[in-house]
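# Structural features, examined
Single-letter residue listing:
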Amino acid sequence: MVDLQAPGRRHDVTIVMPAFNEEKNITLALSNCLAALDDHALQGEIIVVDDGSRDETAQRVQSVMQRDPRVRLLAHPVNSGIGASFWTGVDQALGEIVTWVPGDNENDPWEILRYHRLLDHVDIVIPFIFNREVRPLFRNGLSSIFRFIINTTFGVNFNYTNGTVLFRKDLLKELPVRNTSFFFQTDILIRTVKQGYLFAEVPYRLGMRKEGVSKAVSFPSLFRVIRGYLNLVKSFYFTKRDGEPHYARGSVTAERRETK
């Protein structure tokens, strides 16, 4: 990993942007995120994690960095997975709130950032897509099957687990397990919500990808998701947990569970 820029001030929000061969989409994705931060009057930064791209993704990011110091660039020497990119960004984040927006420009940053004030009341804000018609029927079918398996296995009732979730950073820092595949988001949500962290689900409008194809639906990706799922099952059902749950200091959950 290479840190190409490290600003010195603290920010309200860190947007982690994983990118793998996204030279056609990354500039607009960054412009939209910067505009969304401005429109919501948020101090923020964007950490692009170039996950071993073989195109001009990094050069496009560096061009934006010259115009706006809120953009930072980190680089993986080889492709390590979207989850690995997310955690690389978390470790370098200056914001108290962390979310992620993929570099494919499919997601609308205005949609998730509009809910940032909910983190005065909960520690996790989970978006669910209400305009599913923008995605192919096959992709929606896979999502429905995936959601049914997750909800049934772990006794939850999520509407969606792979969106641009808003997290309080301290919560992420204390997680003992870091999944690095496309399953990373589901892994985080199951571990934190079953631990008792307070969350809210909110409606979210998804855009339509203009260039390239999604890397989420592929056989290697599916294999890593299945492996992540089995590891989570093992951790949830076959690992002994002792004592009362621990909550990150300063989290809303910890504050609201304190006895007066």
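See the structure printed just above.
This section reports on the structure supplied with the text. (Residues numbered from 1 in each chain as written. Predicted model: local features only at pLDDT ≥ 70, side-chain atom pairs only at ≥ 80, totals over all residues. Heavy atoms only, no water.)

### Quick look at the overall build of the protein
Applied cut-off: Counting from the N terminus, the helices are DSSP H or I runs at least four residues long and the strands are E runs at least two residues long. Every radius of gyration here is taken over C-alpha atoms, with the globule rule written as 2.2 Å times N^0.38, N being the number of residues. What makes two residues a contact is simply this: any of their non-hydrogen atoms within 4.5 Å. For every accessible area listed, the method is Shrake-Rupley and the probe measures 1.4 Å; residues are considered covered only by the protein chains on display. The charge count treats Lys and Arg as positive and Asp and Glu as negative. His and the chain ends do not count. The atoms used to mark charge sites are NZ of Lys, CZ of Arg, CG of Asp and CD of Glu.
Secondary structure assignment for the protein yields nine helices and eight strands. The C-alpha radius of gyration computed for the protein amounts to 18 Å, which stays within 12% of the reference 18 Å derived for 260 residues, consistent with globular compactness. Principal-axis analysis of the C-alpha atoms gives the protein an extent of 50 × 45 × 35 Å. Put simply, of all contacts in the protein between residues at least 6 apart along the chain, 83% involve residues at least 24 apart. Taken as a whole, the protein presents about 13,000 Å² of accessible surface, with 54% of it coming from carbon and sulfur. Each charge class in the protein can be summarised by its mean position, and for the 33 positive and 30 negative side chains these summaries are 4 Å apart.

### With respect to the environment of Arg178
Mapped onto the elements of the fold, Arg178 is located in the loop between helix H6 (169-173) and helix H7 (184-195). For the pair Arg178 and Arg147, spaced 31 residues apart in sequence, the C-alpha to C-alpha distance is 20 Å. Among all residues touching Arg178, those that are not within four sequence positions of it are Trp87 and Asp91.

### Digging into the packing of aromatic side chains
Just so we agree on the cut-off: In this scheme Phe, Tyr and Trp rings, the latter by its six-membered ring, pair at centre separations within 6.5 Å, and the angle between planes marks the pair as stacked below 30 degrees, edge-to-face above 60, and tilted otherwise. Exposure classes here rest on a 1.4 Å probe applied to the protein chains alone. A residue is buried below 20% of its type maximum, exposed above 50%, and partly exposed in between.
Under the defined criterion, the tally for this structure stands at 11 aromatic pairs. With 4.9 Å between their ring centres and 35 degrees between their planes, Phe86 and Phe184 make a pair best called tilted. Residue Phe86 is located in helix H3 (residues 82-92), and its partner Phe184 is located in helix H7; the two are separated by 98 residues in the primary sequence. For the pair Phe86 and Phe184, one class covers both residues: buried. Between Tyr197 and Tyr247, the ring centres sit 5.1 Å apart and the planes meet at 90 degrees, which makes this aromatic pair edge-to-face. With Tyr197 in the loop between H7 and strand E8 (199-204) and Tyr247 in the loop between helix H8 (219-238) and helix H9 (252-257), this pair connects stretches of sequence that are 50 residues apart. For the residue pair Tyr197 and Tyr247, the accessibility class agrees, reading buried in each case. Linked through ring pairs, Phe86, Trp87, Trp100, Phe167 and Phe184 together constitute an aromatic cluster.

### Structural notes on the side chain of Arg72
The condition is simple: Think of a polar contact as two N or O atoms within 3.5 Å of one another; within protein, one of them needs to be a possible hydrogen donor and the other a possible acceptor, and neighboring residues in sequence only count if both atoms come from side chains.
Within the secondary structure, Arg72 sits in strand E4 (residues 71-76). On the basis of relative accessibility, which here comes to 2%, the residue Arg72 falls in the buried class. Here Glu45 takes part through its side chain, which lies 3.0 Å from a polar atom of the side chain of Arg72.

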